[in-house]
Every structure is written in C-alpha cells, then in structure tokens.
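# Architecture at a glance
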Amino acid sequence: MGRSRYKIYEPTHPHFITCTIVNWIPLFTRKESVEILLECFRYLQKDEDFKLYAYVILENHIHIVAQSNDIAKSMGRFKNHTAKEILRLLKKENVVTILDQLSFYKKAHKIDREYQVWQDGMQPKLIQTDAMMKSKIDYIHYNPVKRGYVDDAIHWRYSSARDYDGVEGLLEVERFW
C-alpha cells in the first residue's frame, strides 16, 4: 500500500477504514465520480471475496467497515483503480482546476505520476468486538447527519444506512457478522 504509519496485523478480519482525497479536495460531488467508487466496490465483492458491512461516501473521503482475504491488498487495488478512473473522468471533462490541485498537492515521493488522488494510507482499525462493530457502523451512518447534510442518516444516498433500515441501498451490504 505504499507509505503508511498504519499497519494491518489481522488482514482477514473486519476493519474500519477511512480513505481521504489529498488536501480534502471535494471530488465526490457528482454522480459520475461516486459511481466509480461504487463500481469498484461491486467488482471487489464479486471477484475478491470482499465483504462490505457499512459505508459512507462524502465529498472528499469515505468510511467503510470491510473485510477480505487481504484487506490491505483489496484496498490498494481499490485506491489504485479508482484513482485512475477519476483522473480519466476529470481529463475527459476537462476539469483543469481540480487536476491542477491534484498535481500541486501530490507528495514529493510520488515521482512516478503527475497526480495524486488519495492520501497515503487508509487508517485501518481492527474490529475486535460486536460493540465496536456497532459503534463504527453508527459513526459511518451518522457522519452526513453530523456534518449537517441530512437530518436523517437514511436520507444520505451514498451510505449503507438504508440497508440497516430495511431498504435496499446502492451496494450489497453484509449486515451480519
């Protein structure tokens, strides 16, 4: 996964994970950019035994609780693929301002690329108990409420809160652990 001070010691267990866009640039304000993330999650679920327990996509970061056979590798693939697709979308639509920001805020050690989309690392936290799992899922679902975007967590389209309220959401979610 590159440079990160965060380590994963139980790669097959569920983890609470945060991934953030460099300099908190708001990339996920349009349906097309969010759909890149959703499609990548669907691919991981289908082809890599990736289990998604909860998620929220906000304008410049995501929170998930997930597990796979190797969560660090799965998330590395996720970040790599989504970065390429986001850059392709931004170039296609000639979004020069954001491309310039992604170039400007690129870390100096990223000499193999012109842009950096995601911050290094992913801040994984091992889910060790049922209480911790519930706490992290609640945190994820109430993030848009806390930020003032919606009054009720189930109203945030890009979240698994609906799934936990009995309404089918945008991604398949494992609700039992």
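Now for a quick tour of the structure. Since the structure is predicted, the reported quantities are computational estimates derived from the model, not experimental observations.

For the protein, the count of helices and strands is five helices and four strands. Taken against the 2.2 N^0.38 rule, which gives 16 Å for 177 residues, the C-alpha radius of gyration of the protein at 16 Å falls within 12% of a compact globule. By its C-alpha atoms, the protein is 40 × 35 × 30 Å across when sized along the principal axes. Across the 177 residues that make up the protein, the buried fraction comes to 46%. Partitioning the contacts of the protein with sequence separation of at least 6, the portion at a separation of at least 24 is 68%. About 9,800 Å² of surface is accessible on the protein, with carbon and sulfur atoms providing 49% of the total.

On to the packing of helix α1 (residues 31-47) against helix α2 (residues 71-92). Between α1 and α2, the shortest axis-to-axis distance is 10 Å and the interhelical angle comes to 150°. For the element pair α1 / α2, the angle class is roughly antiparallel. Once α1 is placed against α2, the crossing between them reads as right-handed. Touching Glu32, Ser33, Ile36, Leu37, Cys40, Phe41 and Leu44 of α1 are Ser74, Phe78, His81, Thr82, Glu85, Ile86 and Leu89, all from α2. Residues that form the contact of α1 with α2 fall into these classes: eight nonpolar, four polar and two charged.

Taken in spatial order, the four strands of this open sheet run β2-β3-β1-β4, and their pairing is antiparallel. Each end of this open sheet is capped by a strand with a single partner; those strands are β2 (51-57) and β4 (125-126). Set on the sheet, α1 makes contact with β2 and β3 (61-67); between it and β2 the angle comes to about 175°. Lying over the sheet, α2 contacts β1 (15-20) and β3, oriented at roughly 25° with respect to β1.

Here we take up the packing of α2 against helix α3 (residues 96-104). The description of two packed helices rests on the angle between their axes and on the distance between the axes. Axis separation between α2 and α3 bottoms out at 8 Å; the angle between their running directions is 140°. For the element pair α2 / α3, the angle class is oblique. Considering only the axes of α2 and α3, their crossing is left-handed. Contacts from Leu87, Leu90 and Lys91 of α2 reach α3 at Ile98, Leu99 and Leu102.

Conventions used here
Residues numbered from 1 in each chain as written. Predicted model: local features only at pLDDT ≥ 70, side-chain atom pairs only at ≥ 80, totals over all residues. Heavy atoms only, no water. Helix = DSSP H or I, 4+ residues; strand = E, 2+ residues; numbered from the N terminus. Rg over C-alpha atoms; globule rule 2.2 N^0.38 Å. Buried < 20%, exposed > 50% of the residue type's maximum accessible area, 1.4 Å probe, protein only. Contact = heavy atoms within 4.5 Å. Areas by Shrake-Rupley, 256 points an atom, 1.4 Å probe, with all protein chains shown as cover. Axes fitted to C-alpha atoms, helices over the stretch in contact; angles between N-to-C directions. Parallel < 35°, antiparallel > 145°, perpendicular 65-115°, else oblique. Left-handed = near helix turned anticlockwise from the far one by under 90°. Nonpolar A, V, L, I, M, F, W, Y, C, P; charged D, E, K, R; others polar. Pairing = 2+ DSSP bridges.

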